[in-house]
Amino acid sequence: MTRARLIAFALLATFLVSVAQAADIRFFQLGTGPTGETRFPIGGLIANALSNPPGSRECEKGGSCGVPGMVAVAKSTGGSIANVEAIGAKRLDAALVQADIAYWAYHGSGIYKAKGAVQNLRGIAMLYPESMHLVARKDAKIKSVRDLKGKRVSFGEKDSGSLVHGRVLLTAYGVAETQVKLSFLKPGPAADAMAAGQLDAMLVVDAYPVPTVAELAKTTAIDLVPISGPEAEKILAQMPFFQAGSIPAALYEGVRDANLTLDVGVALVTGAEQPDALIYDITKALWQPSTQKLLAEANSRGRLIKLDAKAIARMGIQLHGGASSYYFDAGMTP
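Residues numbered from 1 in each chain as written. Predicted model: local features only at pLDDT ≥ 70, side-chain atom pairs only at ≥ 80, totals over all residues. Heavy atoms only, no water.

J.: What am I meant to see in the overall build of the protein here?
T.: A count of helices and strands for the protein gives 11 helices and 10 strands. With the C-alpha coordinates of the protein rotated into their principal frame, the extents come out at 85 × 45 × 35 Å. A total of 334 residues make up the protein; the buried ones form 48% of that total. For the protein, contacts bridging at least 24 residues in sequence account for 72% of all contacts bridging at least 6. Accessible area of the protein: about 15400 Å², with a carbon and sulfur share of 54%. (Helix = DSSP H or I, 4+ residues; strand = E, 2+ residues; numbered from the N terminus. Buried < 20%, exposed > 50% of the residue type's maximum accessible area, 1.4 Å probe, protein only. Contact = heavy atoms within 4.5 Å. Areas by Shrake-Rupley, 256 points an atom, 1.4 Å probe, with all protein chains shown as cover.)

J.: It is not clear to me how the pairing of strand S2 (residues 70-75) should be interpreted in this structure. Could you clarify?
T.: It is a general feature of regular strands that their side chains alternate between the two faces of the sheet. With six bridges connecting them, strand S1 (residues 26-31) and S2 associate as parallel partners. Within the sheet, the bridge partner assigned to phenylalanine 27 lies in S2 and is valine 71. In terms of handedness, the path from S1 via helix H2 (residues 39-50) over to S2 forms a crossover that is right-handed. (Pairing = 2+ DSSP bridges. Right-handed = clockwise from strand over helix to strand, strands pointing away.)

J.: Looking at this model, I keep getting lost on the state of the cysteines. Mind explaining?
T.: Put plainly, a disulfide is one covalent bond tying together the sulfur atoms of two cysteines. Under the counting rule described, the total for this entry stands at one disulfide. A sulfur-sulfur separation of 1.9 Å characterises the disulfide bridge that pairs cysteine 59 with cysteine 65. Linking cysteine 59 and cysteine 65, the disulfide has an S-S dihedral of approximately 75 degrees and is accordingly described as right-handed. (Disulfide = S-S within 2.5 Å.)

J.: Help me understand the packing of aromatic side chains, please; the structure alone is not making it clear to me.
T.: Tallied over the entire structure, the rule returns five aromatic pairs. Note on tryptophan 104 and phenylalanine 241: the rings are 5.4 Å apart at their centroids and 80 degrees apart in plane angle, and the pair reads as edge-to-face. A residue pair is termed long-range when its members are at least 10 positions apart, and tryptophan 104 in helix H4 (residues 99-107) and phenylalanine 241 in the loop between helix H8 (230-238) and strand S9 (242-247) qualify at 137 residues. As far as the burial class goes, tryptophan 104 and phenylalanine 241 line up, both buried. Taken together, the aromatic side chains of Tyr103, Trp104, Phe241 and Phe242 make up a single cluster linked through ring pairs. The ring of tyrosine 112 carries the charged tip of lysine 115 above its face, separated from the ring centre by 5.0 Å. Of note, lysine 158 hangs over the ring of phenylalanine 184, and the distance from its end group to the ring centre comes to 5.1 Å. (Phe/Tyr/Trp six-rings, centres within 6.5 Å; stacked < 30°, edge-to-face > 60°. Lys NZ or Arg CZ within 6 Å of the ring centre and 35° of its normal.)

J.: Is there a simple way to think about the layout of surface pockets in this case?
T.: Unoccupied space between atoms shows up once a probe the size of one water molecule is rolled over them. In this structure, the second largest pocket encloses a volume near 280 Å³. In terms of lining residues, the second largest pocket is bounded by 23 residues, among which Glu37, Gly78, Ser160, Gly161 and Ser162 are the most central. Elements with a contribution of two residues or more to the lining of the second largest pocket: helix H3 (80-88), helix H5 (161-172) and strand S7 (201-206). Ranked by residues supplied to the lining of the second largest pocket, first place goes to H3 with four residues. Taken together, the residues that form the lining of the second largest pocket break down as eight nonpolar, eight polar and seven charged. (1 Å grid on protein atoms, 1.4 Å probe; cavity = no way out; pocket = protein on both sides within 12 Å on 5 of 7 lines; lining within 4 Å. Points joined across faces, edges and corners; volume = space filled by probe spheres on them. Nonpolar A, V, L, I, M, F, W, Y, C, P; charged D, E, K, R; others polar.)

J.: Would you mind going over the packing of H4 against H5 with me for this structure?
T.: What describes two packed helices is the angle between their axes and the distance between those same axes. At a minimum axis separation of 10 Å, H4 and H5 run at an interaxial angle of 90 degrees. Put simply, H4 runs roughly perpendicular to H5. Listed contacts from H5 to Asp100, Ile101 and Trp104 of H4 are Gly161, Val164, His165 and Val168. Grouping the constituent residues of the contact of H4 with H5 by class yields four nonpolar, two polar and one charged. (Axes fitted to C-alpha atoms, helices over the stretch in contact; angles between N-to-C directions. Parallel < 35°, antiparallel > 145°, perpendicular 65-115°, else oblique.)

J.: Would you mind showing me how to read H5 here?
T.: Residues spaced three or four apart along an α-helix face the same direction, because each turn holds 3.6 residues. With 12 residues, H5 extends 17 Å from end C-alpha to end C-alpha; this agrees with the ideal 16 Å at 1.5 Å per step. Buried residues dominate H5, accounting for nine of its 12 residues. Every buried residue belonging to H5 is among Gly161, Ser162, Leu163, Val164, His165, Gly166, Val168, Leu169 and Leu170, and all of these are buried. Where H5 ends, the next residue or the one after it, glycine 174, has phi of about 70 degrees, a positive value. (Expected span 1.5 Å × (residues − 1).)

J.: Got a minute to help me understand unusual backbone geometry in this structure?
T.: A negative phi angle is the norm for most residues apart from glycine, just as the trans form is the norm for most peptide bonds. The omega torsion of the bond from tyrosine 208 to proline 209 falls at -5 degrees, within 30 degrees of zero and hence cis. Look at lysine 141: it is not a glycine, yet its phi comes out positive at around 55 degrees. Tracing the backbone shows lysine 141 in the loop between strand S4 (121-137) and strand S5 (152-154). In this structure, alanine 250 is a non-glycine residue whose phi angle is positive, near 60 degrees. Position of alanine 250 relative to the elements: it lies in the loop between S9 and strand S10 (259-271). A relative accessible area of 61% means that alanine 250 is categorised as exposed.

J.: How should I be thinking about empty space enclosed by the protein in this particular structure?
T.: Applying the stated criterion across every chain yields a total of one cavity of 30 Å³ or more. The space that makes up the largest cavity amounts to roughly 30 Å³. Along the walls of the largest cavity sit Ser154, Phe155, Gly156, Ser162, Leu185, Lys186, Pro187, Ala190, Met202, Leu203 and Val204, which together make up its complete lining. If you list the elements that add at least two residues to the lining of the largest cavity, you get helix H6 (187-195) and S7. Sorting elements by how many residues they give to the lining of the largest cavity places S7 first, with three residues. Residues of the lining of the largest cavity, tallied by class, amount to seven nonpolar, three polar and one charged.

Laid out in structure tokens, this is it:
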């Protein structure tokens, strides 16, 4: 055999091995959220940790501790509602979803009462809390949710999770939606409108510090409107997936005091049709020490993602069988 033929044979063998390896790769699509929100970078970190393509160095030798043969891809999405619908339609393999949206979707209640339950929705883990930021221009003199009457407000885009949260607040504080001049804007455009004096307040539900709010505070005097009192207590009593929270003092320029608010957890969810063995391995990879280190070092909210009772408490929906088996083996009661 000539040298040229040997080289050609070697190249062909390499190509065939690559094709064979590629055939063994499982691609796993993870829905996150809009690019400007915390769920997007957190989702990217999780996808990276879950990935373990053929040829990766072994976990025990300092390599990938993800699911063997899998490449997870984080996708930017419209948010929790879009993610739930994609899981229901089997367009995503897993997603990050706010716990209240997941609860309503699974039970066919709340905003899903008319639509019906998303029957294949299953939980993997509770991850970290997000906080309601009701941001107002200081000159709008909005000191309570009730002061939104007659004001120009954005709770987010139509069909967004934050719009649902805004409506929950209005109902709890006795404000009719017709009493508010509502716009349907993403956080970025809403902040621009506030800076231009075209909007009085906006609601952003995200992990603090929220970059959009921080940038707005540098150019525009703002207040964080407290979400507290008997109205907030009523929300907590009726909707246990919410928790009492607080946004630290001096986190945003010009906002000196801590602000009482409500938090809602972010859950990692999947579809019931996903194989138990796969979701077991995904859950195991999520709670690997190397994954925990990656999340903690790369993102402030990542430090809150820990394997303890919070991982499965307040889920509000059925755990996937694979995740449930992992927690049982880890000595936790799902």
